[in-house]
Amino acid sequence: MAELVPDLVIFNCPGTDTVAYAASDVLVAAEIVSPSAKVQDRILKRAISTSPAPSRPPSTSDGLCTKAVRGSIKLRAMDFDSGHFPRRAFLRGAAGIAASGAAGLAIPRAAEAATEPRVYSCAEWGARPPADALTTLDHPANRILIHHIASANSTDYSRAHAFQVARDDQHDHMDNNGWSDTGQHFTVSRGGYRLEGRHGSLDALRGRTTMIQGAHCPGQNTNAIGIENEGTYTSVEPPEAQWAALVVFCAHVCRQYGIPVAEIKGHRDFYNTECPGDRLYAKLPQLRDEVKASM
């Protein structure tokens, strides 16, 4: 539901970034829904707000931003999730923030901490408790394995659907496979939502020195982070939102654990399987390139 945000100042910035300043220290992704703004395909812009608005426009590496709106407009607030921004805007975001800092503009603490992408925890999507104790390994991961769930290519891109995918996957792994919990460490929905899969994986990632033993690929469960992607990618490619979220998250995992980009691999590299599908597997070189560029 749209909310009225008073005294908002929005700048249109070169390189597709949008920077907004309001009277509170928040960091949100927002969709402009004011009558004067035409929204196409739910394009989400970066909105960085601080108090007060700067006396001069911020800048990016491409030049000065121009003031677009002042006053009250309606915004549909979203959870901050860089995977929902256009990839070019996200990859340029760090440069924009750095340029703003160099110009003496106040950047809120939330913006400084935004390097961790939004990942929904097991508690947030309503996971069942593990059937038995999971194993915490006293070493970091050294590889990322990309999977696809081999599920329907749903056109429901909502967060509610992403949560249901996570629950369905956990039920399948526990009830049909007899596993203790979801096999993979993390899941990315077709709508671009990132979710913790196996309990404890998110805390371990944040800690950087341990990992939770997985159940996503024989021979790789004690060293590789498994990332499942909702959908089946044997003959079609992942949607843009999912791809962008995957790039951002792989870069984050590589930074946290010190994993070389060359160690982003596919399930089939280590096991006799079609996973992650011919089309997604063929995009792994591109994934490695984009992750490297974003770091």
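Residues numbered from 1 in each chain as written. Predicted model: local features only at pLDDT ≥ 70, side-chain atom pairs only at ≥ 80, totals over all residues. Heavy atoms only, no water.

Our next topic: the pairing of strand S9 (residues 143-148). Most of S9 is tucked away, with six of its six residues classed as buried. Both faces of S9 are covered, namely the face carrying Arg-143, Leu-145 and His-147 and the face carrying Ile-144, Ile-146 and His-148. Relative to strand S13 (residues 224-229), S9 is paired through six bridges, and the arrangement is parallel. By the bridge assignment for S13, Leu-145 is matched with Gly-226. (Buried < 20%, exposed > 50% of the residue type's maximum accessible area, 1.4 Å probe, protein only. Helix = DSSP H or I, 4+ residues; strand = E, 2+ residues; numbered from the N terminus. Pairing = 2+ DSSP bridges.)

Looking now at the environment of Tyr-120. Within the secondary structure, Tyr-120 is located in the loop between helix H2 (109-112) and helix H3 (122-125). For the pair formed by Tyr-120 and Phe-163, sequence separation is 43 residues and the distance between their alpha carbons is 8.8 Å. One polar contact links Tyr-120 to Arg-159, side chain to side chain, over a distance of 3.4 Å. (Polar contact = N/O pair within 3.5 Å; in protein donor to acceptor, adjacent residues only side chain to side chain.)

Buried within helix H8 (residues 284-294) are the following residues: Leu-284, Leu-287, Glu-290, Val-291 and Ser-294. The buried residues of H8 occupy an angular sector of 120 degrees when projected down its axis, which confines them to one face. In H8, the exposed residues that point more than 90 degrees away from the buried face are Asp-289, Lys-292 and Ala-293. (Arc of directions from axis to C-beta.)

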